[in-house]
Amino acid sequence: MIAVHHYIFLSAALFAVGIYGVIARRNAVGVLMSIELMLNAVNINLLAFARYVTPTTLTGQVFAVFVITVAAAEVAVGLALVINVYRNMDHINVDDINLMKW
Amino acid sequence: MDYFLFSVAAIIAVVSAVLVIVQRNPMHSALYLIITLLCIAVLYLQLSAQFVAAVQVIVYAGAIMVLFLFVLMLLDQENPIDTPSTLRYQNPVAAVMGLLLLVELLFLSARAQPPAVLTSGAPGSSPGFPGSVESVAESMFTRYLFPFELTSVLLLIGMVGVIVLAKRKL
């Protein structure tokens, strides 16, 4: 029997993998992909709670759709920033993008 | 059967999520990320969220990943492989942070008392067809109409921002 715990454990695992990626990846596009993993973990939680805690209302599902919308906007802006950085510095290595460091 | 499907999808999702992170070539990471997203869509179907599963496949695995691949190919990096870090302790610190967060989350969620509704909300007990397009749309266009309109403003702002950022000369 699948309980809500299984989904919570899965989303905790995905979120931890995502946070490792955000900290450790040096490619800016890789960092954005890790953020996508974390947003998906959040979505799994929203849907699992919508299914198991409030099975009659659809608040969780509606908010999952909103989270997907926000993710789309965030990726578009992030990738535009990456393209701009690449134009100015010829690389997208986030460790070396330190122009604004004091 | 349900449990088997859940386990297979969850294991594939986590394994390919790890592969997304450890792959040095960003193109391979993007392809593994698509596998993760599709497995998560399978889980959404199991949670009787058919509409969100379809949105996940179309918007995430379709549109967003095409955007990623498009940018990766547009950049056409000479050397797409991650260069060794200039920060010495970055990887160990990241691993410690990730593991700490994982242990913390697992500990807290294992210790939490399940609310009373949890047991009554077992699969199969909810009336009707809660994840269908009709029921999602009904609550999206009545109770959550204002947030829904706000997302359109958000998308408009995002679009304007992307054009301003990516255009060479305005």
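As the structure is a computational prediction, the values presented were derived from the model and not from experiment.

1. Details of the domain arrangement of chain B
Turning to step 1, where the next piece is worked out: The domains assigned to chain B are domain 1 (1-76) and domain 2 (132-170).
Turning to step 2, where the next piece is worked out: Averaged C-alpha coordinates put domain 1 of chain B and domain 2 of chain B at centres separated by 23 Å.

2. Observations regarding the nonpolar core
Turning to step 1, where the next piece is worked out: Core analysis: the biggest nonpolar cluster contains 61 residues, and A:Y7, A:V29, A:M33, A:I44, B:V52 and B:F68 have the highest contact counts within it.
Turning to step 2, where the next piece is worked out: Of all the secondary-structure elements, those providing two or more residues to this core are α1 (4-24), α2 (28-52) and α3 (59-89) of chain A together with α1 (2-22), α2 (26-46), α3 (50-75) and α6 (133-141) of chain B.
Turning to step 3, where the next piece is worked out: Per element, the largest residue contribution to this core is 12 residues, and it comes from α3(A).
Turning to step 4, where the next piece is worked out: Counting residues domain by domain, this core receives three or more from each of domain 1 (1-76) and domain 2 (132-170) of chain B.
Turning to step 5, where the next piece is worked out: A:I44 has contacts with A:Y7, A:L10, A:S11, A:L14, B:I40, B:L43, B:Y44 and B:L47, leaving out every residue within four places of it along the chain.

3. With respect to the side chain of A:T69
Turning to step 1, where the next piece is worked out: Locating A:T69 in the fold gives a position in helix α3.
Turning to step 2, where the next piece is worked out: Accessibility expressed as a relative area gives 17% for A:T69, which makes it buried.
Turning to step 3, where the next piece is worked out: When neighbours within four sequence positions are excluded, A:T69 is seen to be in contact with B:T151 and B:L155.

4. Some details on a nonpolar patch on the surface
Residue and element names in this part refer to chain B.
Turning to step 1, where the next piece is worked out: Where nonpolar side chains cluster on the molecular surface, the patch consists of M1, F4, L5, V8, I12, I35 and V42 and spans about 630 Å² of accessible area.
Turning to step 2, where the next piece is worked out: Secondary structure elements with two or more residues in the nonpolar patch: α1 and α2.
Turning to step 3, where the next piece is worked out: Residue contributions to the nonpolar patch peak at 4 residues, all from α1.
Turning to step 4, where the next piece is worked out: Relative to the helices and strands, L5 resides in helix α1.
Turning to step 5, where the next piece is worked out: On the accessibility criterion, L5 (36% relative accessible area) is partly exposed.

5. Some points on the packing of α2(A) against α3(B)
Turning to step 1, where the next piece is worked out: Contact geometry for α2(A) and α3(B): axes closest at 12 Å, N-to-C directions at 175°. Considering their axes alone, α2(A) and α3(B) lie roughly antiparallel with respect to each other. Judged by residue contacts, A:V29, A:L32, A:M33, A:E36, A:L39, A:N40 and A:L47 of α2(A) engage B:V52, B:Q56, B:Y60, B:I64, B:F68 and B:L72 from α3(B).
Turning to step 2, where the next piece is worked out: Partitioned by chemical class, the residues of the contact of α2(A) with α3(B) number 10 nonpolar, 2 polar and 1 charged.

6. Quick word on the confidence of the model for chain B
Detailed reading of the predicted coordinates is not advisable wherever pLDDT falls low.
Residue and element names in this part refer to chain B.
Turning to step 1, where the next piece is worked out: Across chain B, the average pLDDT comes to 84, with 83% of residues at or above 70.
Turning to step 2, where the next piece is worked out: Below pLDDT 50 for its whole length, residues 118-127 participates in 14 contacts with residues either more than four positions away or in separate chains.
Turning to step 3, where the next piece is worked out: Scored as a whole, the predicted complex attains pTM 0.87, and scored at its interfaces, ipTM 0.91.

Definitions and cut-offs
- Residues numbered from 1 in each chain as written.
- Chains lettered and ligands numbered in written order.
- Predicted model: local features only at pLDDT ≥ 70, side-chain atom pairs only at ≥ 80, totals over all residues.
- Heavy atoms only, no water.
- Domains from an automatic or database assignment.
- Core = buried A, V, L, I, M, F, W, Y, C linked by side-chain atoms within 4.5 Å.
- Buried < 20%, exposed > 50% of the residue type's maximum accessible area, 1.4 Å probe, protein only.
- Helix = DSSP H or I, 4+ residues; strand = E, 2+ residues; numbered from the N terminus.
- Contact = heavy atoms within 4.5 Å.
- Patch = residues over 30% accessible without salt bridge, like charges linked within 9 Å, V, L, I, M, F, W, Y side chains within 5 Å.
- Areas by Shrake-Rupley, 256 points an atom, 1.4 Å probe, with all protein chains shown as cover.
- Salt bridge = Lys/Arg side-chain N within 4 Å of Asp/Glu carboxyl O.
- Axes fitted to C-alpha atoms, helices over the stretch in contact; angles between N-to-C directions.
- Parallel < 35°, antiparallel > 145°, perpendicular 65-115°, else oblique.
- Nonpolar A, V, L, I, M, F, W, Y, C, P; charged D, E, K, R; others polar.
- pLDDT = per-residue confidence, 0-100.

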